Structures are given as structure tokens and as C-alpha cells.
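# Observations on the model geometry
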Amino acid sequence: MHADFNCWVEECAALTQPDRIHLCDGSEEENQRLIEQMLDDKTLFALNQRHYPGCYLHRSHPNDVARVEHLTFICSEKRDDAGPTNNWMDPREAKAKVGELFGGCMRGRTMYVLPYMMGPPGSPLSKVGVQITDSPYVVASTRIMTRMGRVALEQLERDSVFIPGLHSIGQLDPHRRYILHFPEERLIWSFGSGYGGNALLGKKCFALRIASVMARDEGWMAEHMLILELEDPYGETVYFAAAFPSACGKTNLAMLVSPLEHEGYRVRTIGDDIAWMYIGEDGRLWAINPEAGFFGVVPGTSMKTNPNALISAKSNSLYTNVAISDDGLPWWEGHDDPPYEPLTDWKGRRPWSGEETAAHPNSRFTAPAKNCPSMSPRWQDPQGVPISGIIFGGRRIRTVPLVFESFNWQHGTFLGAAMASRTTNAAMGMTGVLRHDPMSMLPFCGYHMGDYWRHWLEMGRRLPNPPVIFHVNWFRQDADGNYLWPGFGENIRALIWMLGRIKRRAEAKETPIGYVPTLHSLHLEGLDIKPEVISQLLHVSPEEWHEELPDIEEFFKKIGSRVPSELWNELTSLRERLEHFRSMYP
Ligand code: OXD
Ligand code: MN
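Attention here is on the structure that accompanies the text. Within every chain, residues take consecutive numbers counted from 1 along the sequence as written. The order in which chains are written sets their letters, starting at A; the order in which ligands are written sets their numbers, starting at 1. Local features in a predicted model are, by the rule used here, given only for residues with pLDDT of at least 70; side-chain atom pairs are given and counted only at 80 or more, and totals for whole chains, interfaces and linings are based on all residues. Hydrogens and water are ignored here; the side-chain numbers use all heavy atoms of the structure.

Moving on to helix α4 (residues 91-102). Each helix is a run of DSSP H or I of at least 4 residues and each strand a run of E of at least 2, with the numbering of both proceeding from the N terminus. Between the first and last residue of a helix there are one fewer steps than residues, each counted as 1.5 Å, and that sum is the expected span. Along its 12 residues, α4 runs 15 Å from first to last C-alpha, staying within 8% of the 16 Å computed at 1.5 Å per residue. Three exposure classes are used, based on accessible area relative to the maximum for each residue type with a 1.4 Å probe and protein chains only: buried under 20%, partly exposed in between, and exposed over 50%. Turning to α4, its buried residues are Pro91, Ala94, Val98, Gly99, Leu101 and Phe102. When α4 is viewed along its axis, its buried side chains cluster within an angular range of 150° and face the same direction. Every exposed residue of α4 that faces more than 90 degrees away from the buried side is listed here: Arg92 and Glu100. Any N or O atom pair separated by 3.5 Å or less is treated as a polar contact, with the protein-specific requirement of one donor-capable and one acceptor-capable atom, and with residues adjacent in sequence counted only for side-chain atom pairs. Of the residues flanking the start of α4, the one acting as N-cap is Asp90, its side-chain oxygen 2.9 Å from the backbone nitrogen of Arg92. Read the arc as the range of directions from the helix axis to the C-beta atoms.

Below, the structure written as C-alpha cells:
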């Protein structure tokens, strides 16, 4: 094995002083041993093995249930390179401060060394990471979420490059919790949390924050996007990549069950959270899913909303912070069954009092992608899949229509840059407030947001055949606060329209914000929805859009001088188009 690997392990061991070091091979036997150990020390509880074979419940520390954006830092050499949307710490200061916390933190513990691969085996796009951790739960989760162990070690033998990550749960003390990224060194340090997004370093830390920096430097893209395949009645398939902020239905859209399957419209899954995208020799954008599993939000998941997710998590999966019945059945808010009695809530209190939710609102399942019935046969294609459409979306109760198409890549980049959404439970903090979340990368872009937008524009210039960029909003409400759109499987209607636009056969109306479907261009057969509701869903109000402008302007000003002039020009053009429209239809 390459010396760097040994150096990295020795360096971490010298710092953290573990009692034992275990190099993980990812085998079934190893996993079984770890599970048994966690059952013994009550880190895990077995679910009902008849109904949920190989499934276990983990209860996290109640203060450690979500990503901690305020404790997540980009430690670039220069503060300005992290930009105004990231917390910054000087790399030397970070190493000193958090190095002290790591000092001796694994005494009495086992240090696990996890070689893992992001991306399918044999793909020129795949990359290796080596995570050091003292959490067996993180080992078991990483084994589901990545290709861990032998396959990664083999890759390391061929090509010694890897992204190192050091993780310790420390004392799970929120005052001693830091998620640090060193973009120049391509290094990750995470201390004091066991929660997925903070502790499974391959996911947000490597595949988004560090990879976004690598992508900028090397001319590709690392995006917070699902990837899905849409098949039409002629047997043609197209691929979409879609960015939504955390907990806005990405997993549901990626696993959509088509109500129009009898007509030949069908969705298959490539990935539900992250896309790595490259310019292919054919001038198109190609994407791989770097992950091998799903780390999905549980509440609200049911046979009605996402049967494929339920089936994925029926075996060999971990559940974190859900409630459980006496006979080991997991339960959460939005479950198909009424609450089991008695129920033990996510904090382990039995019976559940009903005062708080039984499952934590950000409770999660960690499930192998290969369990998912909707996986496309191409989900592990080493070349990836060619992307025809990129979709941006968020939770907007007003203003933003169900679906619309940008005028071109630059305008689409502007739509992504300007997008805003109501916050959810995926991160600690206030939920339900409107915040800008450009390209849904606000918490995940490892460098200056203005430079990131420049990179998007640059990619567009280099793409002879760029994907068409769309924007969707499933969450528009009427004046009484009722959702106008049924969502879930019916979202395929928007996908079909987008496919029609890509194939240049669907009609659209040009509006100041982009191309919006005409009433009759949406495929609505079989859907019980009134034409006036569709009109409301598609309505573009110049007044409402006008109200957005100061907000976008303020946000761009906050990003500062690195905002590309092209995006300022797009804002000016939008203003002019809205004013022109108002003068024509006063
Ligand atoms: C996630 C997130 O867990 O975006 O995927 O928070
Ligand atoms: Mn995510």
C-alpha cells in the first residue's frame, strides 16, 4: 500500500491515541461483529427481524440530530476564498484549536480506518476517501452509503490519491463540535458529532464541499442534485439532475412512482442527493451518483408518498431517531399505520406521551441503493448518464409557478443563483423561514459563492450541448394556505412537460421569467384538478416578481464583488422584462 496511507493512519493514531486500530475490509463478517458489539453496548437496537431483516435502530444524543451549519467551517488560507456564505477559520488556528480536542480523544476506544470509494467501481470519475473514526455507527453507515473496504483499497493500490478525513464523536458536546474543511489541503476534520451529515465524511464534506473545490479547479461540477431517468412511451430515456434544498422531496422525486406507467411514462433512480458531472466527448454533461445508499428523511414516508424508499429500508438498513413498538416495528409521523401501542419514542421514553413527535422530525433511514426497486440499470454505469435537463426547486408558497424553463444556460444559472426556499429540519435552527439557497448549495459549497456562479457560467460556455435549465415549485398555496398541487407521483406531469420542451414538442408561453406551460401543454389526463387551479399554479404575477427583485439584489450585494457581471445583467434584464410587461398590461 502507498506510504501516504500509512502516514495518514499513523499521524491520526499519534494524535488521538486509540487503544486499538482496525482497518475495515467492508466484509459481511466484519459488519456482523460491529453490529453485535453495538447491540451489546446499546448503540443499536434490533428491529423486528422477521419484517425488517438486518435492520437496526440507533438513538442519537438528543443534542445531535441534524447538520450544524453554524459549526461548519471552510478553513481556506484566505478568508475571502470561503466567501460570505461560509463560516471561516484560519487553517492554523483551526488545527491548533481542534487538534487539541482530538488530542488523546480515542484513548480507550478503537480507531476504525475506513477506505471508501465515491462513485461506481471502474469509473474514471470515482474517487477514494479514507476516513478515520471512533464510531462503529459511522462505520456501519459508511458501509451502506459508499463502496467501503476492499474495493477502495484496490483502487488505492492502483492510484494512491485519496481524500483524508478524521472524525471523532468526542464527548458529543455541542460546545466542542466542529466540522472543518481544508480546501487547499483537501482535508476534512470533524469532531463532536455522530449525525450523518456531520460524521459520514464521504457525503456532504467530501462529495460536496471538498469536491466542489476540486471540480472548480479541474473543470467539472459537484452538485447537491438527485439524478433521475424518465422513460417515455416511445422507449426513449432522458436524464434529469435536480437541486432542491435539504428535506424538500429530493428522495421522493428520485424514486417517483408514475401514475402514468400504463401509458409508458416511468421514472427510475440514479441517485437522490449528489451528482458529479463532467463534460463528455460528445459535448454533453454526464453525471454519476457518487453514493451507494440513501440517507433519507423518514417522517412523511409512506406507501402513498414513497413506496420505493420504504422497500429500500426494509432490509439491511439503519434507522436513526424513529419510534419503535414493543415488537420492534419502527414508527414515525406520516406512517401508513396508526401509532403502535405502546410506542417508545425517539428518546427511548415508553410509552410515548404524545406531547412531542414520536420520531424526530429529522429522523433518517440509511438504506442500500441496491435495495431500491426503482434503480435504473444504469445507476452504476462507469460513464455515468447524459443529462438533458437541470431542475432547480424550492419551497415557495407564492410567486413561483409549478414549472418553467429558462431562456438559456446563463439565465438558468441566474435562476439557480437567485433561488430561495423555506428552511426545514435538516439543519439545526429556525424552520420555515425563507432563505436564499443558491443551487441548494448554500451549506455545501466549499468556496466563494460568487466564484461558484462564475464556474457555472464557465461550464456553460464549455458545453456545446448544455442541458436545458428548468425551475419547479410543488409547494404553491392558495389564499387559505392549501397546497394547489398534489405533488409526489403527479410531479411526473411537470417532468413530461420538461421532456417535451427538450424534444421541442411541448408548447410554452414566453413570460418575463421564462417559458411557462400553456394550459393545454401539460399532460393532466387522469388527474382530478380544476382548470382554474392549473391557471393559478402557472400564473406569473409581475407584481409579485417585482417584489422579489430587491431581495435578489440584496443577496447579490451580500455575495459581493465576485458576483459575475453576467448575473447582474440577468437581474437588470428581468427587471426590464417585468416593467415592459407591466406597461403593456397595466
Ligand atoms: C441531507 C441534507 O441529509 O441535505 O441530504 O441535509
Ligand atoms: Mn442533501
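On we go.
Next up on the list: unusual backbone geometry. A cis amide bond links Glu341 with the next residue in sequence, Pro342, at an omega value of -10°. Among the structural elements, Pro342 can be located in the loop between β21 (330-331) and β22 (343-344). Here the amide bond leading from Arg350 into Pro351 is cis, since omega sits at -5°, within 30 degrees of zero. With respect to the secondary-structure elements, Pro351 resides in the loop between β22 and β23 (364-368). Positive phi, normally seen in glycine, also occurs at Ala247, with a value near 60°. With respect to the helices, strands and loops of the structure, Ala247 is situated in the loop between β14 (237-243) and α9 (250-254). Since its relative accessible area comes to 31%, Ala247 is described here as partly exposed.

Turning to the sheet that holds strand β18 (residues 293-297), a few remarks are in order. Think of it this way: DSSP has to see at least two bridges between two strands before they count as a pair. Pairing within the open sheet is mixed, and its 5 strands lie in the order β2-β3-β19-β23-β18. Two strands bound the open sheet, and with one partner strand each, they are β2 (44-46) and β18. When the angles between neighbouring strand axes are averaged without regard to direction, this sheet yields 25°. Here 3 bridges tie strand β3 (residues 56-58) to strand β19 (residues 318-320), and the two strands are oriented parallel to one another. Note that in β19 the partner of His58 across the bridge is Thr320. Contacts are assigned to residue pairs that have any heavy atoms within 4.5 Å of one another. To obtain an axis, a line is fitted to C-alpha atoms, over the contacting stretch when the element is a helix, and the angle between two such axes runs from 0 to 180 degrees between their N-to-C directions. Sheet strands in contact with helix α2 (residues 28-40) are β2 and β3, and its direction is about 100° off that of β2.

Glancing now at the sheet that holds strand β20 (residues 323-325). A sheet is described by the order of its strands in space; here 3 strands give the open sequence β21-β20-β22, paired in antiparallel fashion. This sheet does not close on itself; its edge strands, each paired only once, are β21 and β22.

So, on to the nonpolar core. Definition of nonpolar core: a set of buried residues of the types Ala, Val, Leu, Ile, Met, Phe, Trp, Tyr and Cys, connected through side-chain atoms within 4.5 Å. Of all hydrophobic cores here, the largest spans 161 residues; its most connected members are Trp276 and Trp453. With 9 residues, the top contributor of residues to this core is helix α8 (residues 202-218). Aside from chain neighbours lying at most four places away, what touches Trp453 is Thr413, Ala417, Pro438, Met439, Phe555, Phe556, Ile559, Val563, Pro564 and Leu567. Listed in part, the 31 residues of the second largest apolar core include Val9, Ile132, Leu156 and Tyr178.

A few words on the packing of aromatic side chains. The geometry of an aromatic ring pair is captured by two quantities: the separation of the ring centres and the angle between the planes. When two rings of Phe, Tyr or Trp (its six-membered ring) have centres within 6.5 Å they constitute a pair, described as stacked for plane angles under 30 degrees, edge-to-face for angles over 60, and tilted for the intermediate range. Under the counting rule described, the total for this entry stands at 25 aromatic pairs. Between Phe102 and Phe191, the ring centres sit 5.1 Å apart and the planes meet at 80°, which makes this aromatic pair edge-to-face. Of this pair, Phe102 sits in helix α4 while Phe191 sits in strand β11 (residues 187-191), placing them 89 residues apart in sequence. With respect to class, Phe102 is no different from Phe191; both count as buried.

Pairing of strand β29 (residues 508-511) with strand β30 (residues 514-517), which is carried by 4 bridges, proceeds in the antiparallel orientation. Following the sheet pairing, Glu510 is matched in β30 by Tyr515. The hairpin formed by β29 and β30 contains 2 residues between the paired strands.

Once that is clear, we can look at the layout of surface pockets. Cavities and pockets are defined on a 1 Å grid built over the protein atoms alone: a cavity is a set of grid points where a 1.4 Å probe fits but cannot escape, while a pocket is an open set with protein on both sides within 12 Å along at least five of seven lines, and lining residues are those with an atom within 4 Å of any such point. Grid points are joined across faces, edges and corners, and a volume is the space filled by probe spheres set on the points. Taken as a whole, the largest pocket spans an internal volume of roughly 1,000 Å³. Around the largest pocket, the lining is made up of 43 residues, and of these Ala247, Cys248, Gly249, Asn252 and Arg395 lie nearest the centre. Of all the elements in the fold, those that place two or more residues in the lining of the largest pocket are α8, α9, β18 and β23. With 4 residues, α9 is the single largest residue contributor to the lining of the largest pocket. Residues that form the lining of the largest pocket fall into these classes: 19 nonpolar, 16 polar and 8 charged. Under the scheme applied, nonpolar residues are Ala, Val, Leu, Ile, Met, Phe, Trp, Tyr, Cys and Pro; charged residues are Asp, Glu, Lys and Arg; polar residues are all the others, including Gly.

Below, the discussion takes up the site of ligand 1. Ligand 1 sits among Arg67, Lys203, Lys204, His224, Ser246, Asp273, Phe295, Arg364, Ala426 and Phe444. In the model, an oxygen atom of ligand 1 is placed 3.2 Å from a nitrogen or oxygen of the Asp273 side chain. With respect to ligand 1, the side chain of Arg364 contributes an N or O atom lying 2.9 Å from an oxygen atom. Burial of ligand 1 by the surrounding chains reaches 95%, relative to a free accessible area of 210 Å². More than half of a molecule's atoms lying within 2 Å of a cavity's or pocket's grid points is what places that molecule inside it. Comparing atom positions with the cavity grids shows ligand 1 to sit within the largest pocket. Residue composition of the shell around ligand 1, by class: 3 nonpolar, 2 polar and 5 charged. Definition of nearness: a residue and a molecule or strand are near each other if at least one heavy atom of the residue lies within 4 Å of the molecule or strand. Values of accessible area rely on a 1.4 Å probe in the Shrake-Rupley scheme; residue burial ignores everything except the protein chains shown.

What follows covers the pairing of strand β16 (residues 275-279). In terms of residue burial, β16 counts as a mostly covered element, since 4 of its 5 residues are buried. Two elements, strand β12 (residues 221-223) and β16, share 3 bridges in a ladder whose sense is antiparallel. Bridged to Ala222 within β16 is Trp276. As judged from the 4 bridges shared by β16 and strand β17 (residues 285-288), these two strands associate in the antiparallel manner. The partner of Ile279 across the bridge, within β17, is Leu285.

Listed as protein donors to the manganese ion (ligand 2) are Lys204 (NZ), His224 (NE2) and Asp273 (OD); their distances from the metal cover 2.1 to 2.2 Å. Each metal site is built from N, O and S donor atoms within 2.8 Å (3.2 Å for Na, K and Ca), and since water is not included, such sites may look incomplete. Spacing between the donor residues of the manganese ion (ligand 2) along their common chain follows K-x19-H-x48-D. In this pair, Lys204 sits in helix α8 while His224 sits in the loop between β12 and β13 (225-231), placing the two residues 20 residues apart along the sequence. An identical accessibility class is assigned to Lys204 and His224; each is buried.

Let's shift gears to the environment of Ile513. Secondary-structure assignment places Ile513 in the loop between β29 and β30. Its relative accessible area of 2% is what places Ile513 among the buried residues. C-alpha separation for the pair Ile513 and Leu578, spaced 65 residues apart in sequence, amounts to 8.0 Å. Excluding residues that lie within four positions of it along the chain, Ile513 makes contacts with Pro401, Phe404, Phe407, His411, Val540, Trp545 and Leu574.

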